[in-house]
Amino acid sequence: MRTDMDVKAATSSSALPGTGPVERVGTYTREELAARISAFHGTAAPGVVIGCIMIDLAMQQLPEGILFDAICETADCLPDAVQLITPCTIGNKWLKIINLGRFAVSLYDKYSGQGVRVFLDPCKLQGWDELRCWFLKIKPKHDQDSDLLHTQIWAAGRDIYTLHPVQIDACYLKKQSKGPVGICAQCGEAYPLKDGATCLWCQGHTHYTTPALS
Ligand code: ZN
């Protein structure tokens, strides 16, 4: 059951959208956010910083106090931003990834599916060349100016993002149950019986081999 953390997330205290440079994301300053992202993601990756700003912006558009879920349209960086500043994680299934390769995320009421989608808008990046080059992969990574990129991310404010309302399809609102569990006759491990007579690994969905012990 979600209570305090959701309410806190849904009532993020940032400044209003489109009012100059971003000063804070939720309660975090630029330095605090960078430290938190580094601790979670490994580095203060620009994509996670941008993701946090996007999500903070989207949260401000949600009705106060609702329980919301998230859908990311990329597996790069953005899911970590969701996991950092909202209660939604992959593991609790409040965050889903539908990998369309677009740097966009939707936050929505988990019951009604009504919500908001936000994306970094390539049409709004004029004047933010380092950011544009990074986003559109115009320059190789070693030619990028990381300090300038981060400066532009914060200086560009919230006007470089586009938000619009969404209604999430009903099939994504249903709780996906694993169903009954059994023991695979072939490997002896537990698996969801809906997968078939044996587990998926034994049906050939392999991602590893077992080297012979010497
Ligand atoms: Zn098996």
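Keep in mind it's a predicted model, so treat the numbers as computed, not measured.

Some points on the pattern of salt bridges
Throughout the structure, instances matching the rule amount to four salt bridges. The partner of R117 in a salt bridge is E73, and the shortest N-O contact between them spans 2.7 Å. Of this pair, R117 sits in strand β6 (residues 114–120) while E73 is found in the loop between β3 (68–72) and α4 (78–85), placing the two residues 44 residues apart along the sequence. Like E73, R117 is buried. Residues K139 and E130 are paired through a salt bridge, measuring 3.0 Å at the closest nitrogen-oxygen approach. Here K139 falls in the partly exposed class, since its relative accessible area comes to 27%. Judged by relative accessible area, which is 7%, E130 ranks as buried.

Some points on the sheet that holds strand β7 (residues 161–167)
Hydrogen bonds between backbone atoms are what pair the strands of a sheet, whose relative direction is either parallel or antiparallel. Taken together, five strands build an open sheet; the order of strands is β4-β3-β5-β6-β7 and the sheet is mixed. The open sheet is flanked by β4 (95–97) and β7, the only strands paired with a single partner. Taken pair by pair, the neighbouring strands of this sheet meet at an average axis angle of 20°, ignoring direction. Bridge count for β6 against β7 is seven bridges, and the pairing is antiparallel.

Details of the coordination of the zinc ion
Here the zinc ion is held by the protein donor atoms C184 (SG), C187 (SG), C199 (SG) and C202 (SG), which lie 2.3 to 2.4 Å from it. For the zinc ion, the four donor atoms are set out with angles of 104 to 120° between them, so the coordination reads as tetrahedral. Donor residues for the zinc ion sit on one chain with the sequence pattern C-x2-C-x11-C-x2-C. Here C202 falls in the buried class, since its relative accessible area comes to 18%.

Quick notes on the domain arrangement of the protein chain
When its domains are assigned, the protein chain resolves into domain 1 (4–172) and domain 2 (178–214). For domain 1 and domain 2, the distance between their C-alpha centres works out to 37 Å.

Details of α4
Among the eight residues of α4, seven are classified as buried, and the element is accordingly described as predominantly covered. Burial in α4 covers these residues: L78, P79, D80, A81, V82, L84 and I85.

As for the side chain of D121
Assignment of secondary structure puts D121 in the loop between β6 and α5 (129–135). Notably, D121 is buried but unbridged: the nearest opposite-charge side chain belongs to K124, and the N-O separation is 4.1 Å. A polar contact is formed between the side chain of D121 and the backbone nitrogen of C123, at a distance of 3.0 Å. Side chain to side chain, D121 and T162 meet in a polar contact 2.5 Å long.

A few points about the pairing of β3
Successive residues of a regular strand alternate their side chains across the two faces of the sheet. Most of β3 sits out of view: five of its five residues are buried. Here β3 shows a buried face lined by F68, A70 and C72 and a second buried face lined by D69 and I71. One ladder, built from five bridges, connects β3 with strand β5 (residues 104–109); its direction is antiparallel. Directly across from D69, in β5, lies its bridge partner Y108. Examined bridge by bridge, β3 and β4 share three bridges and lie parallel to one another. Note on β4: the bridge partner recorded for I71 is K96.

Calculation criteria
The numbering scheme is per chain: residues are counted from 1 as the chain's sequence reads. Reporting of local features is limited, given that this is a predicted model, to residues whose pLDDT is at least 70; pairs of side-chain atoms are given and counted only at 80 or more, and all residues count toward the totals for whole chains, interfaces and linings. In computing side-chain properties, one takes all heavy atoms of the structure into account and sets aside hydrogens as well as water. Salt bridges are defined as contacts in which a side-chain nitrogen from Lys or Arg sits within 4 Å of a carboxyl oxygen from Asp or Glu. By definition, any uninterrupted DSSP run of H or I lasting at least four residues is a helix, any uninterrupted run of E lasting at least two residues is a strand, and each is numbered from the N terminus. Exposed residues in this analysis have more than 50% of their type's maximum accessible area, buried residues have under 20%, and partly exposed residues fall in between, with area computed by a 1.4 Å probe over protein chains only. Pairing between strands is defined by DSSP: at least two bridges between them are needed. Between the N-to-C directions of two axes lies an angle of 0 to 180 degrees, each axis being a line fitted to C-alpha atoms and, for a helix, fitted only over the stretch in contact. Counted as coordinating are nitrogen, oxygen and sulfur atoms within 2.8 Å of the metal, or 3.2 Å for Na, K and Ca, while water is not included, which may make sites look incomplete. Only two sets of limits are used to name each site, 85 to 135 degrees for every angle of a tetrahedral four-donor site, and over 155 degrees for opposite donors with all other angles from 65 to 115 for a square planar four-donor or octahedral six-donor site, with any other site named irregular. In this document the domain limits rely on a domain assignment from an automatic tool or a database. Only four residue types enter the charge count, namely Lys and Arg as positive and Asp and Glu as negative; His and the chain termini do not. Definition of a polar contact: a pair of N or O atoms within 3.5 Å, with one able to donate and the other able to accept a hydrogen when the atoms are protein atoms, and with sequence-neighbouring residues admitted only if both atoms are side-chain atoms.

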